[in-house]
Amino acid sequence: MAGVHPLISTASLADRLSGPTPPTLLDVRWSLAGPPARQLYANGHLPGAVFVDLDTDLAGPAGAGGRHPLPEPAALQDALRRAGVRRDHPVVAYDAADGSTAARAWWLLRWSGHHAVAVLDGGFAAWQAEGRPVAAGEPAVPAGEPAVAAGAGRARAGDVVVAPGGMPVLDADEAAALAGTGVLLDARAPRRYRGETEPIDPRAGHVPGARNAPATGHLGRDGRWLPPRELARLFAELGVRPGEPVGAYCGSGVTAAAVVLALEVAGVTTASRPASLYAGSWSHWCTDPSRPVATGP
């Protein structure tokens, strides 16, 4: 995985898992409406995968910074070490299917300075549909290795060092400015973007000047990511040009990470010049009544 492409296919992952240096697997399945992700993990997961919780491991406490603010570096480092993430060792994150939650783990690891990380294309659904092996319960500890803390699964203890700064982050003022000087993409569903409905946050609408790029639009009918050329065409239609400033936000900073990933897959951005993420996203923007809100297309 040196080089590292942000997506990995089920076939490529299967090959790597049987090789001499199998990647660390992170199961980051999560759904706002349930069922509990931990239960999904217990029922079945990729062999050797360790469960990582979006709400408690991949985000700080909800509050003024939004519903899923960035975790404190020390807390994230502890969570990743409990999950067995090691320095310079490859990591693959997967979720149920669409890559939106796995992209959050991918983004956080890149932000932390760990670049050997990829998202499983098609997620657990694709792996299971192909009849590949699935395990239940907790993964066993490799011979001679210590177990990590209870609650994160049993895996080889990690030694990753979280050093923030590997991915650009926007605050509210910077997001507003980018909407005027570059392209700010809103990853939410069109009805939420237009302000026709808002099931979660106190105000409906979008950041003025932002353009709607639903994260679900980056997937094909088979649930896998669209080819780079098709993704590039979608972004071009939104006015995104290679080398020009671009950023993304969503409801709480989770699915926007999938847009950052899609931009890189499309070749619009690169690993050395990635898109920016407004981490607080709409859940942060809309709580300040002084910030303007736009509705409609």
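Above this text is the structure in question.
None of the values given here were measured: they were computed from a predicted structure.

Conventions and cut-offs
Residues numbered from 1 in each chain as written. Predicted model: local features only at pLDDT ≥ 70, side-chain atom pairs only at ≥ 80, totals over all residues. Heavy atoms only, no water. Helix = DSSP H or I, 4+ residues; strand = E, 2+ residues; numbered from the N terminus. Buried < 20%, exposed > 50% of the residue type's maximum accessible area, 1.4 Å probe, protein only. Polar contact = N/O pair within 3.5 Å; in protein donor to acceptor, adjacent residues only side chain to side chain. Contact = heavy atoms within 4.5 Å. 1 Å grid on protein atoms, 1.4 Å probe; cavity = no way out; pocket = protein on both sides within 12 Å on 5 of 7 lines; lining within 4 Å. Points joined across faces, edges and corners; volume = space filled by probe spheres on them. Nonpolar A, V, L, I, M, F, W, Y, C, P; charged D, E, K, R; others polar. Pairing = 2+ DSSP bridges. Phe/Tyr/Trp six-rings, centres within 6.5 Å; stacked < 30°, edge-to-face > 60°. Axes fitted to C-alpha atoms, helices over the stretch in contact; angles between N-to-C directions. Salt bridge = Lys/Arg side-chain N within 4 Å of Asp/Glu carboxyl O. Core = buried A, V, L, I, M, F, W, Y, C linked by side-chain atoms within 4.5 Å.

**Some details on the side chain of S112**
Piece 1. Summarising the element assignment, S112 is placed in helix 4 (residues 100-112).
Piece 2. Classification of S112 as buried rests on a relative accessible area of 1%.
Piece 3. A polar side-chain atom of S112 sits 2.7 Å from the main-chain carbonyl oxygen of L108.
Piece 4. Dropping the residues within four chain positions of it, S112 is found in contact with L76, V161, V162, A163 and P164.

**Considerations on the layout of surface pockets**
By rolling a water-sized probe across the atoms, one finds the places where empty space is left.
Piece 1. The calculated volume of the largest pocket comes to roughly 640 Å³.
Piece 2. Forming the boundary of the largest pocket are 30 residues, of which W30, D98, S100, V254 and T255 lie nearest the centre.
Piece 3. Of the residues belonging to the lining of the largest pocket, the class tally is 15 nonpolar, 9 polar and 6 charged.

**Some words on the pairing of strand 5 (residues 117-120)**
Residues in a regular strand point their side chains to alternate faces of the sheet.
Piece 1. Alignment of strand 1 (residues 7-8) against strand 5, held across 2 bridges, turns out to be parallel. Within strand 5, the position partnered with I8 by the bridge is L120.
Piece 2. In terms of strand pairing, strand 4 (residues 91-94) meets strand 5 through 3 bridges, oriented parallel. Opposite V92, over in strand 5, you have A118 as the bridge partner.

**With respect to the packing of aromatic side chains**
Piece 1. Applying the stated rule across the entire model yields 4 aromatic pairs.
Piece 2. A centroid spacing of 5.8 Å and a plane angle of 45° characterise the contact between Y41 and F51, whose relative ring orientation is tilted. Here F51 lies in strand 3 (residues 50-51) and Y41 lies in helix 2 (residues 37-43), a separation of 10 residues in the sequence.
Piece 3. Y41 sits in the buried class, given a relative accessible area of 1%.
Piece 4. Considering the side-chain rings of W107 and W111, the 6.0 Å spacing of their centres and the 15° angle between planes classify their relative orientation as stacked. Placement of both W107 and W111 in helix 4 is noted, with a separation of 4 residues, approximately one turn of the helix. Each member of the pair, W107 as well as W111, is classed as buried.

**Observations concerning the sheet that holds strand 10 (residues 276-278)**
Piece 1. If you walk across this open sheet you meet the 5 strands as 6-10-9-7-8, and the pairing is parallel. Strand pairing shows two members of the sheet lacking a second neighbour, strand 6 (169-170) and strand 8 (211-212), which therefore form its edges.
Piece 2. In the packing of helix 9 (residues 256-266) onto the sheet, contacts are made with strand 7 (183-186), strand 9 (246-249) and strand 10, and the angle to strand 9 comes to roughly 150°.

**Focus on the side chain of Q77**
Piece 1. Inspection of the secondary structure puts Q77 in helix 3 (residues 73-82).
Piece 2. On the accessibility criterion, Q77 (18% relative accessible area) is buried.
Piece 3. Among the polar contacts made by the side chain of Q77, one reaches the main-chain amide nitrogen of V162 at a distance of 2.9 Å.
Piece 4. Among all residues touching Q77, those that are not within four sequence positions of it are V160, V161 and V162.

**Description of the sheet that holds strand 3**
Piece 1. Strands sit in the order 1-5-4-2-3 across an open sheet of 5 strands; the sheet is parallel. Each edge of the open sheet is held by one strand with a lone partner, namely strand 1 and strand 3.

**Points about the pattern of salt bridges**
It is possible for side chains bearing opposite charge to pair when their charged atoms get close.
Piece 1. On inspection of all chains with the given rule, the structure shows 15 salt bridges.
Piece 2. A salt bridge links D27 to R29, with the shortest nitrogen-to-oxygen separation between them at 2.7 Å. Of the two residues examined, D27 and R29, each falls in the buried class.
Piece 3. E198 is the partner of R192 in a salt bridge, and the nearest nitrogen-oxygen pair spans 2.9 Å.
Piece 4. Residues participating in the shared-partner salt-bridge network are R67, D186, R188, R192, E198 and D201.

**Regarding the nonpolar core**
Piece 1. Grouped together as the largest cluster of nonpolar side chains are 54 residues, with contacts concentrated most on L26, W107, L185, F235 and L263.
Piece 2. Among the secondary structure elements, those contributing two or more residues to this core are helix 3, strand 4, helix 4, strand 5, strand 7, helix 8 (228-237), strand 9 and helix 9.
Piece 3. Tallying contributions element by element places helix 9 first for this core, with 10 residues.
Piece 4. If near-sequence neighbours (up to four positions away) are discounted, F235 is found in contact with L185, H218, V240, V259, A262, L263, A266 and V268.

The values are spatial; any link to function lies outside them.
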